[in-house]
Amino acid sequence: MILGPYYTNNHKRFSSVTPDDWKIVLYKCKKHIRIRLKQKTLTGAHAASTIGSDPVEYYLGSAYTKLLEGAWEWKQQYTLLEQMIRAIDSAITKQVEKHTTKKAEALRIIYRDDITDEFYVVEDDHFEPDEEQKFKEQADALHDAARGDTELEIIYEAICEGMKRADIAELLGKSPKQFDKLKEKLINKVRKSQQS
Amino acid sequence: MSTNSKQILNNLYGLMLEINYNREDEEIILELEQKPDLQINSHLAKIKQLTAKLKAEAMKARYADALNLLKKLKEQGIDEFKKMFSTNEQANLVPMFNKFSELSKKDEEAILEDQEMLQFMSILKERTDENTADD
């Protein structure tokens, strides 16, 4: 086992992380990986199929291992959750880029000031024609689920516009937390329509 | 048409990522208490195990570094090491340096068991590493 160059500094910060803190970070990262991989399939690169194991296990395990060992730096300005998500996103992007391009040396980590801006970044188009139809069906299902409910229709339009969480909540005159529940309602309606 | 569908789905996933990122900690803890997640618990156990292993590894490395430094101290003498510190720093570290002035085998053993001294020797090592890098 080799201690990385950031071990000492990372270790100092890890010593104040409680088991509950870890549970929250692991829970959010697990969900993050699942959503991120679905989002990445929109680019045509199926990161999950290229790593040869359960992607959640793979990305989650390698992110905290590299931070704990000190191979990666836990940057001072980031919380543990933010650092983990940045590390995971970077690993997923590298995996996708390895799959879609031959130039592994082109890999890079882009640090945007606001991490949530990274959640909406669109990748290059690499998808097959049969997938185009699948995406259209999914987008239509979302639209259908919103029909007939004014608030959900506003949310659908806002999603089409690429608006962020706080902006949509403001548009609806609600707190971001209240908006989260409404968005759940929309997603549940989509799920129900796909089951029936 | 297809790009538009793709864009809408991309925006939706972006929104889901943002909502997940901002979820209340208390809500998650409550959910995990009511419905424990085996995968998360397994990772939590791995993290504890890895942390303990790494800590042991770091202690071993610190001990090895201290031994090397003691060897260097014998070869070069304490005054050479003092030169790496400013006058102010030297004044603060006088009690530590004094312990090195006349070292017996027994003193060396005591140093290697003394956490405060090991910490001091880590500082010494960092400083010697910096000096070596400067050369």
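This one's a predicted model, so the numbers in the text were calculated from it and none came from an experiment.

Let's shift gears to the interface of chain B and chain A. Listed per partner, the contact involves 42 residues of chain B and 63 residues of chain A. Of all residues in chain B, Lys6, Leu17 and Tyr21 of chain B give up the largest surface area on contact with chain A, accounting jointly for 15% of the area buried on that side. Our count for the contact surface shared by chain B and chain A stands at four salt bridges. We note a salt bridge from Lys46 of chain B to Glu57 of chain A, for which the minimum N-O separation is 3.7 Å. Across the contact surface, chain B and chain A share 15 residue pairs in polar contact (both at pLDDT 80 or more). Of all the secondary-structure elements, those providing two or more residues to the side of chain B that touches chain A are helix 1 (2-21), helix 2 (25-34) and helix 3 (38-76) of chain B. For the side of chain B that touches chain A, the element with the highest residue contribution is helix 1 of chain B, accounting for 18 residues. When grouped by side-chain class, the residues that make up the side of chain B that touches chain A number 19 nonpolar, 11 polar and 12 charged.

Next up on the list: the packing of aromatic side chains. Each pair of aromatic rings is reported with the distance of its centres and the angle of its planes. All names here are of chain A. Following the criterion strictly, the structure yields four aromatic pairs over all chains and no others. Ring centres of Trp22 and Tyr64 lie 6.3 Å apart, and the angle between their planes is 75°; on these two criteria the pair is classed as edge-to-face. Of this pair, Trp22 sits in helix 2 (residues 19-41) while Tyr64 sits in helix 4 (residues 55-69), placing them 42 residues apart in sequence. Assigned by exposure class, Trp22 and Tyr64 land together as buried. Among the aromatic residues, those joined into a ring-pair cluster are Phe14, Trp22, Tyr64 and Trp74.

This part takes up the environment of Tyr21 of chain B. In this fold, Tyr21 of chain B is placed in helix 1. By relative accessible area, Tyr21 of chain B is classed as buried at 14%. Sequence separation between Tyr21 of chain B and Leu32 of chain B is 11 residues, and the spatial gap between their C-alpha atoms is 16 Å. Those residues in contact with Tyr21 of chain B that lie beyond four places of it in its chain are Lys28, Leu81, Glu82, Ile85, Ile115, Thr116 and Phe119 of chain A.

Looking at chain A, the pLDDT average stands at 83 and 79% of residues meet or exceed 70. Confidence drops under a pLDDT of 50 for residues 102-109 of chain A, and excluding neighbours within four residues, the segment shows five contacts in the predicted structure.

Looking now at the nonpolar core. Of all hydrophobic cores here, the largest spans 68 residues; its most connected members are Trp22, Met84 and Ile155 of chain A. Composition of this core by domain shows at least three residues from each of domain 1 (7-107) and domain 2 (115-195) of chain A. The contacts of Trp22 of chain A, once residues within four sequence positions are left out, are Phe14, Val17, Tyr64, Leu68 and Leu80 of chain A together with Leu44 and Ile47 of chain B. Counting residues in hydrophobic clusters, the runner-up holds 16 residues, among them Leu69, Leu93, Met117 and Leu124 of chain B.

This part is about the side chain of Asp37 of chain B. Tracing the backbone shows Asp37 of chain B in the loop between helix 2 and helix 3. Residue class for Asp37 of chain B comes out buried when judged on its relative accessible area of 16%. Engagement of the side chain of Asp37 of chain B in a polar contact is seen with the backbone nitrogen of Ile40 of chain B, the distance being 3.0 Å. Once residues lying within four places of it in the same chain are set aside, the contact partners of Asp37 of chain B are Lys30 of chain A together with Leu32 of chain B.

A word on empty space enclosed by the protein. Unfilled space is identified by rolling a water-sized probe across the atoms. Applying the stated criterion across every chain, the model contains two cavities of 30 Å³ or more. Looking at the second largest cavity, the residues that line it are Tyr7, His11, Phe14 and Leu68 of chain A together with Thr51, Leu54 and Lys55 of chain B. Broken down by secondary-structure element, the contributors of at least two residues to the lining of the second largest cavity are helix 1 (7-14) of chain A together with helix 3 of chain B. Here the residues of the lining of the second largest cavity sort into four nonpolar, two polar and one charged.

The next point concerns the pattern of salt bridges. Here the structure, examined in full by the defined rule, presents 15 salt bridges over all chains. Across the salt bridge formed by Arg36 of chain A and Asp89 of chain A, the nearest N and O atoms sit 2.9 Å from each other. Here Arg36 of chain A, found in helix 2, pairs with Asp89 of chain A, found in helix 5 (residues 80-100); they are 53 residues apart in sequence, far enough to count as distant. Just as Arg36 of chain A is buried, Asp89 of chain A falls in that class too. With a closest N to O distance of 2.4 Å, Asp144 of chain A and Arg147 of chain A form a salt bridge. Classification of Asp144 of chain A by relative accessible area gives partly exposed; the value is 46%. Salt bridges here are not isolated pairs; linked through shared partners, they connect Lys177 of chain A together with Arg23, Glu27 and Glu31 of chain B.

What counts, and at which threshold
- Residues numbered from 1 in each chain as written.
- Chains lettered and ligands numbered in written order.
- Predicted model: local features only at pLDDT ≥ 70, side-chain atom pairs only at ≥ 80, totals over all residues.
- Heavy atoms only, no water.
- Contact = heavy atoms within 4.5 Å.
- Buried area = accessible area lost by both parts, 1.4 Å probe.
- Salt bridge = Lys/Arg side-chain N within 4 Å of Asp/Glu carboxyl O.
- Polar contact = N/O pair within 3.5 Å; in protein donor to acceptor, adjacent residues only side chain to side chain.
- Helix = DSSP H or I, 4+ residues; strand = E, 2+ residues; numbered from the N terminus.
- Nonpolar A, V, L, I, M, F, W, Y, C, P; charged D, E, K, R; others polar.
- Phe/Tyr/Trp six-rings, centres within 6.5 Å; stacked < 30°, edge-to-face > 60°.
- Buried < 20%, exposed > 50% of the residue type's maximum accessible area, 1.4 Å probe, protein only.
- pLDDT = per-residue confidence, 0-100.
- Core = buried A, V, L, I, M, F, W, Y, C linked by side-chain atoms within 4.5 Å.
- Domains from an automatic or database assignment.
- 1 Å grid on protein atoms, 1.4 Å probe; cavity = no way out; pocket = protein on both sides within 12 Å on 5 of 7 lines; lining within 4 Å.
- Points joined across faces, edges and corners; volume = space filled by probe spheres on them.

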